Amino acid sequence: MDALLNYHGYLCGDQLLWSIPAALLILLFVGFFGSPLFVWAIAILALLFGFGAPLGLLIAVAVIFAFFLIVPLRAAVISRAVAALFEKMKFLPKISETERAAIDAGVVWVEKELFSGKPNFGSLMDEPYPHLKPEEKAFMDGPVAELCRMVKPWQVWKNREISKEAWDFIKEKGFLGMIIPREYGGLGFSALAHSEIIATLSARSLPVSISVMVPNSLGPAELLVHYGTEEQKKYYLPRLARGEDVPCFGLTEPLAGSDAGSITSTGVLYKGADGKLMIRLNWNKRWITLASISTVIGLAFRLRDPEGLLGQGEDLGITCALIPSNTPGVVIGRRHDPLTIPFHNCPTQGKDVEVSIDAVVGGKDGCGKGWRMLMECLAAGRGISLPAQATGGAKLAYRTVSAHGLVRRQFGVSIGKFEGVEEPMARIGGATYALEAMRRYTLGALDKGLKPAVITAMQKYYSTELGRRVVNDAMDIMGGGGISLGPRNLLAEIYVATPIGITVEGANIMTRTLIVFGQGALRAHPYAFDEVMSLEAKDIKAFDRAFWGHVGHIVRNTCRSILLSLTRGYLAATPSCHPQMRRYFRRLSWTSATFAILADVAMGTLGGQLKLREKITGRFADILMNMYVATAILRRFEAEKQPEEDLPYVHYMLKYCMSEIQKSFDGIFDNLKIPGLRWFFKGWLGAWSRINSVGSQASDGWSHAISKSMLVDGPQRDRMTEGLYLPPESSWQTEQTARLDRAFRMVAQADAAEAKIRKAVKEKILPKKKASMLIDEARAKNVITEDEQRLLREADQVRFDAILVDDFSEDQYHGRAPYP
């Protein structure tokens, strides 16, 4: 700056004072658009020339830029020195083989755009929004509906098992072979159909849904479809598809839960007496679903080759094999009790179990490749099963609470009209909308063959956490109806089972703090992973490309973050969209730019230690997840033709996402302790961020609009709960959903007649009493018609019946007599 002041040439006084900010603004815009280095060179030289810089300074600056623009020279001198410094300081994280397999699993999808600092929302809004094929819709309307009708959830709960009739139907109709291709006897369904079936069954009976879900998730069928030999496929897949074989998959152990890569189960290669290659297995597995009734066990173990029979070293790594459950040495038959939810979750052991090497998934070529197989399969499976369960549960909560909110009265008013109840009702409505949006958006990627590992990890975490919040709110609203067990209680099973979904397929705490940002920072960042890999390979040319690309990335996002903060996002481009959605696209662009630069600051200052700073990585994960959820919500709104009646849900959840993003930014600003700069982050930048908040919690107006819409019987309520099994209204005497829906419709129909009575009371035509006590008197004074009198009486009766809870005799309670 001193040089500029000394050589300002024809600029002086006020001109110079205004020219310096103008120059900075020009440079900010050069960076904002991600201009290449030669554009920076032209811009800076032009500005220097305009300020009257001497020729010598212009030549010196030009030479410096030329040095950086001549790539071989830059790589040989500067990049080589930087690489040496990074290696000496051990600045970049070391990646183990298991971490690398997890990072390499699947593909990078929209998370790369969100991580970029400059997301292309036009392309993100063009992602497919899938729909069921005709044959899949027929299966939903036929076998799925029939299975739901057949299953009595309360009987399953009390009998502690699924009926033989239901199990036989599941096998006969191919439920266990949804992911198996048709050429092998399976249904060959899309990921969407798979998800829809699980969501529907989950809202009906969790034990049934889990029993169907597991054979179609990580296990023998999926491993064989992707990695099995043709001989293995031809033998096992038809048997699995028709339920002749019941599979389980043994991964977790007493000492290996979320850290599944630390399994201690072993297999040792040896030659049998006939010269064939064999494996001797020993294992001790825990929490294995369906193990006690399985006929074939998919087993993950660490394979050793002490005799060098394969010539690939002694420790071949994690391997997957298929073990018939009746093989000598296999122990099954005992069960865990997962929170009283009656599905088969079990231990299994194996002592000196001997199988041919042909049992390895993929045969001999599959030895040592099990971890990669598991990570690639999990990269897809995490986005289907548990998110479907959470969405199905949320839809059931929505429908149950909306009916109860209208039917149940206190102080003469439907409880859903109290503002205190409106708050949790709105959270249920908004969360249900968001869960369905995320589910569809992710399934669109899976159904076009992608396996976005980071996205599906986010999907699993966010769906199960949002599902937990929904069921907690629903239980609060249901009150006594929620805590009294029996066939009338639709939500207790989901409430009790919620921690199971939180725990399995990667415990949520670990998923948030280690996987979403820990792996996402390397996978989704445009340059970080290439930097690490090029350093390990000692490839200076590749490191040069990655490192200077990273520098440019930092410069661009710094400029974007500053300008978007100054303009509250208004400089960001928006795709074609509903006018009210533009602000959210702009704010998401602003969020992305700030997120990207802060991620680089954290990686740049903490280096390899970042993955140990889990509170920091967890906050980054929250920002990335909320950006993804907001993107999915925007996509759903556009895909469903922007229905105006959905705007309260969309605004409510987008504002919620923005509020959560701001909360996480605040946490990062407060806790990113960078020596010498903490004052800047905690003081200036933190305060600035709060003043320029990217969003605030949704207003009471939006929550009122959501809860009000939930109390209306109409197409929107049906659309929000689409996919639920709805028993026919004629079954209201035995089915609580039908009983509630019947009462909901009848009470809504009677509302106009009740309004007449309330008006008559206000006008002192009728005495001040509850409307239900004035029906006959209102008819006698011609306040209501005879038909309205009949409707009010019937509505009062069904209202009373709908809010009743179950009770039992002592013999029934203690299991000495049949339950109702």
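Residues numbered from 1 in each chain as written. Predicted model: local features only at pLDDT ≥ 70, side-chain atom pairs only at ≥ 80, totals over all residues. Heavy atoms only, no water.

**Thoughts on the overall build of the chain**
Along its length, the chain carries 35 helices and nine strands. Over its C-alpha atoms the chain spans a radius of gyration of 31 Å, differing by no more than 12% from the 28 Å that the globule rule assigns to 820 residues. Over its C-alpha atoms, taken along the principal directions, the chain stretches across nearly 105 × 95 × 45 Å. In the chain, buried positions account for 56% of the 820 residues. A separation of at least 24 residues holds for 76% of the contacts in the chain among residues at least 6 apart in sequence. Only carbon and sulfur atoms are counted for the fraction: they give 57% of the accessible area of the chain, which is about 35,200 Å². (Helix = DSSP H or I, 4+ residues; strand = E, 2+ residues; numbered from the N terminus. Rg over C-alpha atoms; globule rule 2.2 N^0.38 Å. Buried < 20%, exposed > 50% of the residue type's maximum accessible area, 1.4 Å probe, protein only. Contact = heavy atoms within 4.5 Å. Areas by Shrake-Rupley, 256 points an atom, 1.4 Å probe, with all protein chains shown as cover.)

**Describing helix H27 (residues 614-639)**
Here H27 contains 26 residues, and its C-alpha end-to-end distance of 36 Å stays within 8% of the 38 Å for a straight helix at 1.5 Å per residue. Along H27, 22 of the 26 residues are buried, which leaves the element largely enclosed by surrounding structure. At the C-terminal side of H27, Lys 641 shows a positive phi close to 70 degrees. (Expected span 1.5 Å × (residues − 1).)

**Focus: the pattern of salt bridges**
One pass over the full model with this rule turns up 46 salt bridges. For the salt bridge of Asp 168 with Lys 164, the shortest nitrogen-to-oxygen distance reads 2.7 Å. With a gap of four residues between them, Asp 168 and Lys 164 both fall in helix H11 (residues 164-172), about one helical turn apart. Of the charged contacts in the structure, one is a salt bridge between Glu 735 and Arg 204, with a shortest N-O distance of 2.8 Å. (Salt bridge = Lys/Arg side-chain N within 4 Å of Asp/Glu carboxyl O.)

**With respect to a nonpolar patch on the surface**
Together, Leu 37, Phe 38, Ile 42 and Leu 69 line one region of the surface with nonpolar side chains, adding up to about 360 Å² of accessible area. Per-element accounting of the nonpolar patch gives the leading share, three residues, to helix H3 (residues 37-50). Along the chain, the position of Ile 42 falls in helix H3. Look at Ile 42 and you get exposed, because its relative accessible area is 54%. (Patch = residues over 30% accessible without salt bridge, like charges linked within 9 Å, V, L, I, M, F, W, Y side chains within 5 Å.)

**Description of the nonpolar core**
Phe 175, Ile 323 and Met 581 are the most contacted members of the largest nonpolar core, which has 181 residues in total. Sort the elements by how many residues they give to this core and H27 lands first, with 14 residues. Apart from the residues within four sequence positions on either side, Ile 323 is in contact with Leu 281, Trp 283, Thr 295, Val 296, Ile 297, Leu 299, Val 330, Val 353 and Val 355. (Core = buried A, V, L, I, M, F, W, Y, C linked by side-chain atoms within 4.5 Å.)

**A look at the pairing of strand E5 (residues 315-324)**
The buried fraction of E5 amounts to eight of the 10 residues, a majority that puts the element mostly inside the structure. In the sheet, strand E4 (residues 296-304) pairs with E5 via nine bridges, with the strands oriented antiparallel. For Gly 298, the partnering residue across the bridge sits in E5 and is Leu 322. (Pairing = 2+ DSSP bridges.)

**Some points on the packing of H3 against helix H4 (residues 55-69)**
At their nearest, the axes of H3 and H4 sit 10 Å apart, and the two run at 175 degrees to each other. Our classification of the angle between H3 and H4 gives roughly antiparallel. Every residue of H4 that contacts H3 at Leu 37, Phe 38, Trp 40, Ala 41, Ile 44, Leu 45, Leu 48 and Phe 49 is listed here: Leu 58, Val 61, Ala 62, Phe 65, Phe 68 and Leu 69. Each residue belonging to the contact of H3 with H4 can be placed in one class, and the counts come to 14 nonpolar, no polar and no charged. (Axes fitted to C-alpha atoms, helices over the stretch in contact; angles between N-to-C directions. Parallel < 35°, antiparallel > 145°, perpendicular 65-115°, else oblique. Nonpolar A, V, L, I, M, F, W, Y, C, P; charged D, E, K, R; others polar.)

**Some remarks on the confidence of the model for the chain**
Confidence along the chain averages 90 in pLDDT terms, with 93% of residues attaining 70 or more. In this model residues 1-10 is a low-confidence stretch, pLDDT under 50, and it forms 16 contacts with partners more than four residues away in sequence or in other chains. (pLDDT = per-residue confidence, 0-100.)

**Here's the deal with the packing of helix H19 (residues 453-478) against helix H21 (residues 492-503)**
It is the contact of H19 with H21, at a shortest axis distance of 10 Å, that shows an interaxial angle of 165 degrees. One way to sum up the angle between H19 and H21 is to call them roughly antiparallel. In the crossing of H19 with H21, the sense of the turn from one axis to the other is left-handed. When H19 is examined against H21, the residues Lys 460, Thr 464, Glu 465, Arg 468, Val 471, Asn 472 and Met 475 are found in contact with a partner set consisting of Ile 494, Tyr 495, Thr 498, Gly 501, Ile 502 and Thr 503. When grouped by side-chain class, the residues that make up the contact of H19 with H21 number five nonpolar, five polar and three charged. (Left-handed = near helix turned anticlockwise from the far one by under 90°.)

**Quick word on the pairing of E4**
With seven of its nine residues buried, E4 lies for the most part within the structure. The sheet contact formed by strand E1 (residues 247-250) and E4 spans four bridges and is parallel. Across the sheet, the residue bridging to Pro 247 is Val 296, located in E4. Alignment of strand E2 (residues 266-271) against E4, held across three bridges, turns out to be parallel. Bridge pairing in E4 links Thr 266 to Arg 302.

**What to know about the packing of aromatic side chains**
For the structure on display, the rule yields 26 aromatic pairs. Considering the side-chain rings of Phe 67 and Phe 68, the 5.9 Å spacing of their centres and the 80 degrees angle between planes classify their relative orientation as edge-to-face. We classify Phe 67 as partly exposed; its relative accessible area is 25%. Note on Phe 68: relative accessible area 24%, which makes it partly exposed. Centroid distance Phe 115 to Phe 517: 6.0 Å. Interplanar angle 15 degrees. Geometry classified as stacked. Here the residue Phe 115 occupies a position in helix H7 (residues 110-116), and Phe 517 occupies one in the loop between helix H22 (508-516) and helix H23 (520-523), the gap between them amounting to 402 residues. Phe 517 shares its class with Phe 115; the two are buried. Cluster of aromatic residues (ring-pair linked, three or more members): Phe 67, Phe 68, Phe 86, Phe 543, Phe 547 and Trp 548. Sitting above the plane of the Tyr 656 ring, Arg 469 keeps its charged end 4.7 Å from the centroid. Directly above the ring of Phe 32 sits Arg 560, whose terminal nitrogen or CZ lies 4.6 Å from the centroid. (Phe/Tyr/Trp six-rings, centres within 6.5 Å; stacked < 30°, edge-to-face > 60°. Lys NZ or Arg CZ within 6 Å of the ring centre and 35° of its normal.)

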